[in-house]
Structures are given as structure tokens and as C-alpha cells.
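Close look at the chain arrangement
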Amino acid sequence: MNMPKVLFVSSEIAPYAKTGGLADVGSSLPKALKSAGADVISVMPLYSSVNREKFNLTQVFQSACVHMGNCEEWYSVYKASLSGVDTYFIEFSKYFDRSGIYHTKAGEYADNAYRFAFFCRAAMQTAKDLKFKPDIIHCNDWQTGLIPYYIRKEEDFFFNGSKTVITIHNIGYQGIFGADVLEYARIDIADFHAESFESFGGVNFLKGGIAYADKITTVSPSYAQEIQGETGGGGLHKLLSYRKYDLEGILNGIDTEEWNPAADSYIPRNFTAETIHLKKDNKLALQKRFMLTPDENVALFGFVGRFAEQKGLNLMRYAVEKALDTMVCQFIIIGSGETEYERYFGELPAKYPSRAGSYIGYSEEAAHLLEAGADFFVMPSLYEPCGLNQMYSLAYGTLPVVRATGGLDDTVKNYNEQTGGGTGFKFNLIDGEALYNTIGWAVSTYYDRPAHIKQMRLSAMKENFGWEKSAARYIELYKSITAV
Ligand code: ADP
Ligand code: GLC
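Keep in mind that this is a model prediction, so the values were computed, not measured. (Residues numbered from 1 in each chain as written. Chains lettered and ligands numbered in written order. Predicted model: local features only at pLDDT ≥ 70, side-chain atom pairs only at ≥ 80, totals over all residues. Heavy atoms only, no water.)

Segmenting the chain into domains produces domain 1 (5-253 + 467-480) and domain 2 (276-462). Taking the mean C-alpha position of each, domain 1 and domain 2 sit 33 Å from one another. Summing both sides of the interface, domain 1 and domain 2 together bury roughly 1,300 Å²; the carbon and sulfur share of this comes to 49%. Secondary-structure elements contributing two or more residues to the side of domain 1 that touches domain 2 are helix H1 (21-35) and helix H7 (221-226). Of the residues forming the side of domain 1 that touches domain 2, the biggest block, four residues, is contributed by H7. Per-class residue counts for the side of domain 1 that touches domain 2 are five nonpolar, nine polar and four charged. (Domains from an automatic or database assignment. Buried area = accessible area lost by both parts, 1.4 Å probe. Helix = DSSP H or I, 4+ residues; strand = E, 2+ residues; numbered from the N terminus. Nonpolar A, V, L, I, M, F, W, Y, C, P; charged D, E, K, R; others polar.)

So this is what it looks like as C-alpha cells:
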């Protein structure tokens, strides 16, 4: 059976560069596609934060070139390999030799439109220079949104037959810029209209990507529905409904090598469903690390994530404090982002010493320890395209407390008080009180029905969130649009 050749393009790929779940998918999906038999290579920008020594980057092309606007942009290409997947890096200091990926504390980079228009062209050119003729170019989010257009317009025989898929990881980020980029990006003025890139006079990269891609996917079935509605579509619901026969929600998987309680090297005690009693050693280590009272019998809640409105931080702010005031519980919050939340959660431990802990920053190690040691994982997102943390939690027998939206709704089964069935605790309303009540529900279950908690942990750990099924679905989708 023939398998498609896939050029996977992403602005983030873990562990090279990561701001969120896109990077996790950027590494685990190509790996899964490869395991399923596809021929895959990945391309990303070479940000200065990528550790060239650690990942053993080697130069492939010293001087490659693309035409942007009226100029030629000369750049180099590097390569690294991890888990059998080759990743190619676009080195172009003018755009990528900076401290941040998209922004600094001072705000977004003013030339992001130019940076990623260039990246789209350079990613395609890299395939060409490598003589890697893709059946599929798999694009991810707005940063790659010009590629489907370029492929439609491409006159070069090399891309004859190449089809494009764009995956929407988060419709909240569309890449909307001034029309000044049209010339540099070489978007024909005739193609700048309301059915393609144009949006209130600006250029919307994601919109153009959706308009020109052969297939559109997003990262959970529920989110695929939500974005077709006015509330969830971020202004693109009409276009998405129009393209609904080419739109599919394919649930993200998780990297079960990276997130495996039986083999996780970040945690002090490995465990499985059979040895779940060992989980408490991680809990004690976690409490110690965050200077909480070490107590294996107190309900311990955790949060890890970007401090962005999307994640329901306002609800958290209300509910966490009220829960600490009224219930026997502990909280640990890990994250970074908006200053207001950094300040608030940074100060929480001083207000509730030995009961609240926080780490303001990014720490892979602390995130793993929290997933392994906490009893409950809170994720009250206003919307959530897929969400990975709740799946990591489930794999570690840590029960998610989630708002029933997008991928959270698709992956967490609500607790049934009669039977002890389910894998977590869900609520619907975007409301701090609703979150508080659901935390209360988890707390009372923890103390009053411990047998149910145990049963839920085991059910959670039995769920399979590996990539196999979803990777197979992507391959079917690729095959439906190629000659392979
Ligand atoms: P999103 O992509 O919207 O941020 P996801 O749940 O899909 O949400 O993915 C978030 C990823 O980023 C997870 O791998 C999570 O562990 C990680 N992450 C986010 N913030 C931090 C942090 N402060 N420290 C460690 N890991 C983090
Ligand atoms: C986005 C979404 C998140 C999803 C991730 C990977 O950042 O916010 O829900 O899990 O992309 O697809």
C-alpha cells in the first residue's frame, strides 16, 4: 500500500521551541504518522532559543533563497532528528534571531506578518531543495496560513499534485495584519477579497488558509462544531460552515512515551494502575517542593497552563480563593502569561501559607510532577480546542475538573455519583461559582466516597489517548485527496 509523503509545517515543535500544545502536537503527530508508515518531514523556524548543541543541529543548505515582494531573501537550513523524524529549521536572523517566538513582554513583534509569510515560502522551498515532493503539506495555525494559497497559485511543476491540509489549533489566534504585507507576501490584489484573506481591510492569514486548503481539520470533534457557530467561530463561522464538508475534528493524541507514569523520569516514583498506591509518594514530593503541609490525605488540586483569558483564569481566581477559605484542600498553580494573573497567583502562597503553592514560569519538570502528584487537575477553560493537560492528567490518574467545552468535553467523562463511573468532574456555566461548586463536588467525593475516587482513577488510567487512531484518521484524510 502506498503511503503519502507529508511535509509538516509548524511554527512550534517540541522540544525545540514551545509556547503551548501546538508544539506537543508538532512533535507527536509527525512521529505517529511516521509510525503509521507515512514519509514525513517537519519544518520550523530556527529561533535563537533553539538549543543547537543539545539537539545536534547540522547545516543542510548554507544559502537558500526565496522571492518576497521585490527582494530576494537568503537564508540557511539546518536539520535535527528526534524519534525518527527529521526536522528542518529555517535560519534567517532578520526574523528569527530574537528573544521571543511571537512576542516579548512589550507586545507582539510588529513584523509577524512578514516573518511568517517568509516562513511559509521558505518551508515550501526547503521541500523543493531537498527534492522532497510532498503529496500533502500539513499546515498548522495562522503562521502557515499562506501555504494553501501559494500551492493553489504555484506554477512550479514540482508542487503539481501537492494538496494542503490546515489544522486549526485555536481560532482565537488568526494572524490579522495590515494590508501592507500583501506585496511582500506576493498575494495578488485580485485574490484579496472577503472570500479569502480579506477581513475588515486587513489580511487574515488563518482565513486565507481555510479558504484555500483542500481540507481543514481541528483538534476535537466538539470544537469542529463549535467553530461553525457564531459564539465559537471567532468571526470565521460562516466560512467554516460553508466549508463544512471539508472540515473534520480529529482528536489530538498524547505522546505516551513522554507522558507515561510508569516510565516518567521527572517524577520520584513511577506507578501504573496496578501500583496506584505509589502515586502518593509523588504527592508528598510535590507538596514538599511547593512548601505545602505534606499530607497524603488532603485533597490536592493543580493547574498548569498559559495565563491567558481562554484558560478561565478569572474563574480560577474566584473559585480557588473561595475553596481555600471554605474547604480542606490545597492548590498548586504553574503558569506564566498575562501580568495580572502572574501577580495574583504569584502572591497566593503568601496569603495561604502551606496550603497554596505557585510557580510563575515554565517548567517541564514541575508540570510532570504536578500531573503525577495532584489528586485533581483544574481546567475551567472558556473554550478549549482540544487541551492536552487533561489527557496527561487522566493518564496519571489525576482527575480533571473541567468546563464541558471542546476537547475537554470530548475527553472527560462526568462522575456518576450512583455508580462511581466517570473520569472527572464537569460543569457548564462560565461562572466562578460553578467552578467553585464543582471543586466542592470533587472535594466531597474525595472525603466521603474514596472508593469512587479510586474507581475513577483506574478508569482514567485505562483510557487510551495514544495517537494511533487519530494518526490513522489523518492518513485516511490525506489519501482521500491525493492520488496515493
Ligand atoms: P494550549 O496549547 O492552549 O496552551 P494545551 O493543553 O493543548 O493548551 O497544551 C499546553 C501544553 O503546554 C502542555 O504540554 C502543558 O503541560 C504545557 N505548559 C503550559 N504552561 C506550562 C508551564 N508553565 N510549565 C510547563 N508546561 C506548561
Ligand atoms: C491550542 C489549543 C489547545 C490544543 C493545542 C494543540 O493551543 O488551545 O486546546 O490542545 O492547540 O492542538
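Moving on, there is more to tell.
Turning our eyes to something else, we now look at the sheet that holds strand E8 (residues 136-140). Two modes of strand pairing occur in sheets, parallel and antiparallel, and in both the strands are linked by backbone hydrogen bonds. In spatial order, the strands read E3-E4-E5-E2-E1-E8-E9-E13-E14; together these nine strands make up an open sheet with mixed pairing. In this open sheet, the two edge strands, each paired with only one partner strand, are strand E3 (58-68) and strand E14 (247-249). Neighbour to neighbour, the strand axes of the sheet diverge by 25 degrees on average, direction disregarded. Where strand E13 (residues 215-218) and E14 come together, three bridges link them in parallel fashion. By the bridge assignment, Thr-218 is partnered in E14 with Gly-249. (Pairing = 2+ DSSP bridges. Axes fitted to C-alpha atoms, helices over the stretch in contact; angles between N-to-C directions.)

Turning next to the site of ligand 2. In the neighbourhood of ligand 2, 14 residues make up the surrounding shell, with His-169, Asn-252, Glu-384, Cys-386 and Gly-387 lying closest. At 2.8 Å, a side-chain N or O of Asn-252 approaches an oxygen atom of ligand 2. The separation between an oxygen atom of ligand 2 and a polar main-chain atom of Gly-387 is 2.8 Å. For ligand 2, whose unbound accessible area comes to 310 Å², protein coverage reaches 94%. Ranked by residue count, the leading element in the shell around ligand 2 is H1, at three residues. The residue makeup of the shell around ligand 2, split by class, is six nonpolar, six polar and two charged. For the shell around ligand 2, the domains that each give at least three residues are domain 1 (5-253 + 467-480) and domain 2 (276-462). (Near = heavy atom within 4 Å. Polar contact = N/O pair within 3.5 Å; in protein donor to acceptor, adjacent residues only side chain to side chain. Areas by Shrake-Rupley, 256 points an atom, 1.4 Å probe, with all protein chains shown as cover.)

Among the ten residues that make up helix H12 (residues 364-373), eight are buried, leaving the element largely enclosed by the rest of the structure. Of the positions making up H12, those classed as buried are Ala-366, Ala-367, His-368, Leu-369, Leu-370, Glu-371, Ala-372 and Gly-373. For H12, the elements touching its buried residues are helix H9 (279-289), strand E15 (299-307), strand E16 (329-337), strand E18 (376-379) and helix H13 (389-395). (Buried < 20%, exposed > 50% of the residue type's maximum accessible area, 1.4 Å probe, protein only. Contact = heavy atoms within 4.5 Å.)

It is worth spelling out the packing of helix H10 (residues 313-326) against helix H11 (residues 339-351) at this point. Put simply, H10 and H11 touch, their axes get as near as 11 Å, and they point 10 degrees apart. Considering the angle they form, H10 stands roughly parallel to H11. Facing H10, whose interface residues are Leu-313, Asn-314, Met-316, Arg-317, Val-320, Glu-321 and Leu-324, H11 presents Glu-340, Tyr-341, Tyr-344, Phe-345, Leu-348 and Lys-351. Its residues assigned to classes, the contact of H10 with H11 comprises eight nonpolar, one polar and four charged. (Parallel < 35°, antiparallel > 145°, perpendicular 65-115°, else oblique.)

Right, let's talk about the pairing of E15 for a bit. Counting buried positions along E15 yields eight of nine residues, so the element is predominantly enclosed. Here E15 runs beside E16; their pairing, made up of nine bridges, is parallel. Bridging across to E16, Phe-303 finds its partner in Ile-333. After leaving E15, the chain enters H10 and then returns to the sheet as E16, a path that is right-handed. For E15 and E18, the ladder comprises two bridges, and the chain directions are parallel. Looking at E18, one finds that Phe-301 is bridged to Phe-376. (Right-handed = clockwise from strand over helix to strand, strands pointing away.)

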